[in-house]
Amino acid sequence: MKYEEALKKVSEYGQEHVLEYFQSLSENEKKALLQQIEQTDFSVLAKACEGEKELMRGVITPIPAMKLSEIAEKKDSFTEYGTQMLREGRVGAVLLAGGMGTRLGSDNPKGMYNIGLTKEVYIFERLIRNLLDVVEQIGKHIHLFVMTSEKNHEKTVSFLKEKKFFGYDENYVTFFMQDMAPASDYNGKVYMETKGLMSASPNGNGGWFSSMKRAGVLDIVHKAGIEYLNIFAVDNVLQRIADPCFIGATALKNCAVGAKVIKKAAPDEKVGVMCLEDGRPSIVEYYELTKELMEAKDANGEPAYNYGVILNYLFRVKDLEEIVSKEMPLHIVEKKIPYLNEAGETVKPEAPNGYKYESLVLDMIHMLDSCLVFEVVREKEFAPIKNPTGVDSVESARALLQLNGVEL
Ligand code: UTP
């Protein structure tokens, strides 16, 4: 993009200040800023005036879940069908690793975190090991797509190469970068991080499929004949990935998506719960769960909203292609955003000073017609690492890994 085009684009959104220091930049910096402007979607900034508000919700009712007892009864047929699908190459896996992992507080990508005690055990290593269990079982590699962001791409790629992909066949690994969204003050004015760079952050995990499409990675999906994509979070070190039983169940039930869920540990546990919203599958975030919903009971007297999502979903590709061009709800989140002060120095604020704009994968569920809510054993599949200590932390995940016989 040329300077004049960039100026025209930013002027349309009232963001001319991003070019204020342009003339003082080096040639490389100029190029980088023009490229950033070209790639940035400024339209989200118009939503700043709406602030951090709850999005409108429809009528929430319970959704039936396939519980452990039912899964146990049908385990053999589900597993057989899922195994066959995997052997035919009809399933790929997508690792969502574009997040900033701010709560963990490491400068490196979250997957590079060493959770070992007596030896090195990296988060990426645990995830790949889990996937390799299935590879060994079916006798075939599974395509693994790794979503990174501009902020962590290089480190992620070089780390995995250096570690020889922890034994995974490199030919089956494809990286793609997710799109970025600008970060702004409370009036929707983009912050500059340096004189030649706008403050921007990854646009949320809901952008994974559109980013995959834009990066040209869908061609690989089509060429390989992949019909389902199992997306999973980088921070749950226990989850089973490309799980044949889950795949078989979702496909045999002819659902557009399958969602692995766990029974909540307490009514107020901080996990999003599956539900129906205006009759369509949906997820209520924990902070949206009213007392009434928390206390509601189903026909058997069990809590009606009792199954929490663990960010492990199996999406049918053809259904994703139908929704990819539809607009997704935008979540506006208050954050601490580095900015350039009047003296031209970068400041890292101590308190939130503006908004980040994100779309979330859970909103994709509501855009689809059918969802299999598939219960998994909490102690065997849920060990998220969000914080260094306390709840959902390195400590709690270590304890759960050891409980499952993993040496650390
Ligand atoms: P989280 O919501 O925990 O966010 O991501 P995070 O950025 O990793 O961590 P905090 O909130 O800053 O501490 C859940 C999953 O979604 C991915 C993360 O990498 C993680 O696997 N994610 C999140 C993305 O891939 N892109 C994003 O823009 C956001």
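Data block above holds the structure.
Residues numbered from 1 in each chain as written. Predicted model: local features only at pLDDT ≥ 70, side-chain atom pairs only at ≥ 80, totals over all residues. Heavy atoms only, no water.

A.B. asks: Would you mind showing me how to read helix α8 (residues 244-252) here?
C.D. replies: Burial within α8 is extensive, with 8 of its 9 residues counted as buried. Of all the residues in α8, the buried ones are Pro244, Cys245, Phe246, Ile247, Gly248, Ala249, Thr250 and Ala251. Capping the start of α8 is the job of one residue whose side-chain oxygen sits 3.0 Å from the backbone nitrogen of Cys245: Asp243. Among the residues trailing α8, Asn254 stands out with phi positive, at a value near 55 degrees. (Buried < 20%, exposed > 50% of the residue type's maximum accessible area, 1.4 Å probe, protein only. Helix = DSSP H or I, 4+ residues; strand = E, 2+ residues; numbered from the N terminus. Polar contact = N/O pair within 3.5 Å; in protein donor to acceptor, adjacent residues only side chain to side chain.)

A.B. asks: How do you make sense of the pattern of salt bridges when you look at a structure like this?
C.D. replies: Where side chains of opposite charge bring their charged atoms close, a pairing between them can arise. Taken as a whole, this structure holds 24 salt bridges when the rule is applied. Residue Glu12 pairs with Lys8 through a salt bridge whose shortest N-O separation is 3.8 Å. You can see Glu12 and its partner Lys8 sitting in helix α1 (residues 3-12), 4 residues apart, about one turn around the helix. When the shortest N-O distance is used, the salt bridge between Lys260 and Asp243 registers 2.9 Å. Remark: Asp243 occurs in the loop between β9 (228-233) and α8 and Lys260 occurs in strand β10 (residues 257-263); sequence separation between them is 17 residues. Asp243 matches Lys260 in its accessibility class, with the two residues each being buried. Salt bridges here are not isolated pairs; linked through shared partners, they connect Arg129, Asp133, Glu136 and Arg240. (Salt bridge = Lys/Arg side-chain N within 4 Å of Asp/Glu carboxyl O.)

A.B. asks: What's the story with the layout of surface pockets in this structure? I'm lost.
C.D. replies: Any empty space left between the atoms is revealed when a probe the size of a water molecule rolls over them. If you add up the space inside the second largest pocket, you get close to 910 Å³. Taken together, 30 residues line the second largest pocket, and the ones lying closest to its centre are Met100, Thr102, Lys336, Pro338 and Lys348. Across the lining of the second largest pocket, the residue classes tally to 8 nonpolar, 11 polar and 11 charged. (1 Å grid on protein atoms, 1.4 Å probe; cavity = no way out; pocket = protein on both sides within 12 Å on 5 of 7 lines; lining within 4 Å. Points joined across faces, edges and corners; volume = space filled by probe spheres on them. Nonpolar A, V, L, I, M, F, W, Y, C, P; charged D, E, K, R; others polar.)

A.B. asks: Would you explain the site of the ligand in this entry?
C.D. replies: Among the 18 residues in the neighbourhood of the ligand, the closest are listed as Leu96, Met100, Thr102, Gln178 and Lys386. Within the backbone of Met100, a nitrogen or oxygen atom sits 2.8 Å from an oxygen atom of the ligand. Interatomic distance of 2.9 Å between a backbone N/O atom of Gly204 and an oxygen atom of the ligand. Out of a free accessible area of 570 Å², the ligand has 87% covered by protein chains. Looking at the shell around the ligand residue by residue, the classes come out as 8 nonpolar, 7 polar and 3 charged. (Near = heavy atom within 4 Å. Areas by Shrake-Rupley, 256 points an atom, 1.4 Å probe, with all protein chains shown as cover.)

A.B. asks: Help me understand the pairing of strand β12 (residues 280-284) in this model?
C.D. replies: Two faces, one strand: in a regular strand the side chains alternate between the faces of the sheet. By the criterion of burial, β12 is predominantly enclosed, with 4 of the 5 residues buried. Pairing between strand β11 (residues 273-277) and β12: 5 bridges, direction antiparallel. Residue pairing across strands places Met274 opposite Ile283, the latter belonging to β12. Between β11 and β12, which follow one another and run antiparallel, lie 2 residues, and Asp278 among them has a positive phi close to 50 degrees. (Pairing = 2+ DSSP bridges.)

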